[in-house]
Every structure is written in structure tokens, then in C-alpha cells.
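Spelled out from the first residue to the last, the chains are:
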Amino acid sequence: MFFLNLPDAICVIETRPNVRKGSRPVKPILSMLIAVMLVSACATSGTAPVSHHDVTAASALEWRAGDVMDYESRAPGLGKSYRYDSVIGWIDVYLYTLNRSDWGNGVTAKNFADHFDSTIAEVRAAERQGIYQGVVMVSLGDEEIAGQTFRHAKLSFMIRDKRIESHIFLTAVNGSLLKFRMSFFEPFPTNLQGEIDSFVLDILRKLGLSQSI
């Protein structure tokens, strides 16, 4: 087990990706599964081909460090979370193990898909509780950022009459799980994908996992 010691602030995100490339249409069976999920409020993991993101340019967006939550001391296996805020929204970074050391790297470990589905189910539960309104699954699949493969879900919903674009990224790194919960305010910046990839790359660098220098 290991924990990520993030700095007090990420002041300048050093890189920004260009337009994603290599994506292909979602397989018909995935479309059917997503349709079932939306009707039944159940989550189904994506099996679409990996979409590759290259990170090549600089970004000057400031992400201010917020609360650090230590769940591990109260519930072993739940790790820690780190909050970051900016003018476009907020990001929570989670690093945890669920008391397993065999998550490996990427998205292929046993029960990885089930755990990802449970994160989507949490969003659906929040909708039923009235925290979110009008949750819509926009896209679902695997994406590679700076050489690391993530399972990714993009959702849209309302919070107190404000439209939120939400992203969930989940991967395994060195036997632990790394999850990003990203929430962005409308109107969304035209370079939002770039800011997402830049932030992820910065965290991967701190973990020593990035293949982009």
C-alpha cells in the first residue's frame, strides 16, 4: 500500500494535450448496454477501443489545493482523497486499495469493472437522493492519457439549477486504485479536454508513471 503525497498546491499545470486521436465509434453492444443503464439506473463498464490522448503543450491554469481526507485511519483500504479547485470547477483525487494489493496497472484486474460500475451507481444514488438532478450518461469507455489507461465516464447533471459536466477516471497504479472525480461549471471552456488531460498528467508525473516528459 502507498499513498500519494501531493504538494499544497498545483499552481501551474505544465502541459496540455492536443486534440484526442485514435477514437473509433462505440460498438453496437456498448450502445445497447448504455441504453439499458439509463433506463434501469444501473452502470455498465465501457468496452470501446481505447482513445489515446497526447500531451504536448503548456497550460497556465491554477488548481488550488483544498482538503485532504484520510479515510484509511477510519476504514482501512479506503485511502485518502485530495481536493483541488479552480475557476472552471473542482477535482477530487482518490488513492486507495480496498485492502487488495493485486490491482496491478491499468484497467484489467479482476473486479475492476465491477468497482468502476459502483462509482457510477454512487452518482445514480445521489440523483435519487435529490443531490443531483437529470443525470445523463454522455460517454463511456477506456482512454489512454500519457501512457496510462483509464476507464472513463462522462456525465451531465444539474446541481441547484447549474449544469455540471462530470468526469470519472479510474485506473490501477502499482497495485492501488487511482480515481479522479471532476466537476466543471457551465459554460465549459473550449479547451476543457486539454485541462483535464493536463491535470491527470501532472498527477501521473508525481506518481512517476507518466511516459510523457
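Computed from a predicted model, the values in this text were never measured in an experiment.

## Examining the overall build of the protein
- When helices and strands are counted, the protein shows three helices and ten strands.
- Traced from its N-terminal end to its C-terminal end, the protein shows the element sequence β-α-β-β-β-β-β-α-β-β-β-β-α.
- Here the protein has roughly 10200 Å² of accessible surface; of this, 54% comes from carbon and sulfur atoms.

## Observations concerning the confidence of the model for the protein
- The pLDDT averaged across the protein works out to 78; a share of 69% of its residues lies at or above 70.
- A low-confidence stretch, residues 1–5 stays under pLDDT 50, and its non-local contacts, those more than four residues away or across chains, total 17 contacts.
- Here residues 7–47 scores under 50 on pLDDT; set against residues more than four positions off or in separate chains, the count is 102 contacts.

## Regarding the pattern of salt bridges
- Throughout the structure, instances matching the rule amount to six salt bridges.
- Residues Asp-202 and Lys-206 are paired through a salt bridge, measuring 2.5 Å at the closest nitrogen-oxygen approach. With a gap of four residues between them, Asp-202 and Lys-206 both fall in helix 3 (residues 192–206), about one helical turn apart.
- Judged by relative accessible area, Asp-202 falls into the buried class, the value being 6%.
- Lys-206 sits in the partly exposed class, given a relative accessible area of 35%.

## Section: the pairing of strand 5 (residues 80–86)
- Sheet topology note: the strand 4 (residues 64–70)/strand 5 ladder contains five bridges and is antiparallel. Bridge pairing in strand 5 links Asp-70 to Lys-80.
- Turn length for the strand 5-strand 6 (residues 89–96) hairpin, with the two strands adjacent in sequence and antiparallel, is two residues.

## Overview of the pairing of strand 6
- Of all eight residues in strand 6, seven are buried; the element is thus mostly enclosed.
- In the sheet, strand 5 pairs with strand 6 via seven bridges, with the strands oriented antiparallel. Bridge pairing links Tyr-82 to Val-93 in strand 6.
- In terms of strand pairing, strand 6 meets strand 10 (residues 176–185) through eight bridges, oriented antiparallel. Within strand 10, the position partnered with Ile-91 by the bridge is Met-182.

## A closer look at helix 3
- Compared with the 21 Å implied by 1.5 Å per residue over 15 residues, the 22 Å span of helix 3 between its first and last C-alpha is a close match.
- Of all 15 residues making up helix 3, twelve are buried, and the element is well covered by its neighbours.
- By the burial criterion, the buried members of helix 3 are Leu-192, Gly-194, Glu-195, Ile-196, Asp-197, Ser-198, Phe-199, Val-200, Leu-201, Asp-202, Ile-203 and Leu-204.

## Brief notes about the nonpolar core
- Formed by 25 residues in total, the largest nonpolar core has its most connected members in Trp-63, Val-93, Leu-178, Phe-180, Met-182 and Phe-199.
- The set of elements that each furnish at least two residues to this core consists of strand 5, strand 6, strand 9 (162–173), strand 10 and helix 3.
- Ranked by the residues each element gives to this core, the list is headed by helix 3, at seven residues.
- Core analysis: the second largest hydrophobic core is formed by 23 residues, Phe-157, Ile-164, Leu-170 and Leu-177 among them.

## Description of helix 2 (residues 112–128)
- The first and last C-alpha atoms of helix 2 sit 25 Å apart over 17 residues, in line with the 24 Å expected at 1.5 Å per residue.
- One or two residues past the end of helix 2 sits Gly-130, with phi positive at roughly 85°.

## Some points on the side chain of His-152
- Note on placement: His-152 falls in strand 8 (residues 148–159).
- Here His-167 takes part through its side chain, which lies 2.8 Å from a polar atom of the side chain of His-152.
- Those residues in contact with His-152, other than ones at most four positions away along the chain, are Phe-116, Ser-139, Leu-140, Gly-141, Glu-143, His-167, Ile-168 and Phe-169.

## Observations concerning unusual backbone geometry
- For the peptide bond that leads from Glu-186 to Pro-187, omega is 5°, which places it in the cis range.
- In this model, Asn-111 sits at a positive phi of 70°, which is unusual for a non-glycine residue.
- For Asn-111, the position within the fold is in the loop between strand 6 and helix 2.
- Judged by relative accessible area, Asn-111 falls into the partly exposed class, the value being 39%.
- At Asn-174, a residue that is not glycine, the phi angle is positive and equals roughly 50°.

How each quantity is defined
Residues numbered from 1 in each chain as written. Predicted model: local features only at pLDDT ≥ 70, side-chain atom pairs only at ≥ 80, totals over all residues. Heavy atoms only, no water. Helix = DSSP H or I, 4+ residues; strand = E, 2+ residues; numbered from the N terminus. Areas by Shrake-Rupley, 256 points an atom, 1.4 Å probe, with all protein chains shown as cover. pLDDT = per-residue confidence, 0-100. Contact = heavy atoms within 4.5 Å. Salt bridge = Lys/Arg side-chain N within 4 Å of Asp/Glu carboxyl O. Buried < 20%, exposed > 50% of the residue type's maximum accessible area, 1.4 Å probe, protein only. Pairing = 2+ DSSP bridges. Expected span 1.5 Å × (residues − 1). Core = buried A, V, L, I, M, F, W, Y, C linked by side-chain atoms within 4.5 Å. Polar contact = N/O pair within 3.5 Å; in protein donor to acceptor, adjacent residues only side chain to side chain.

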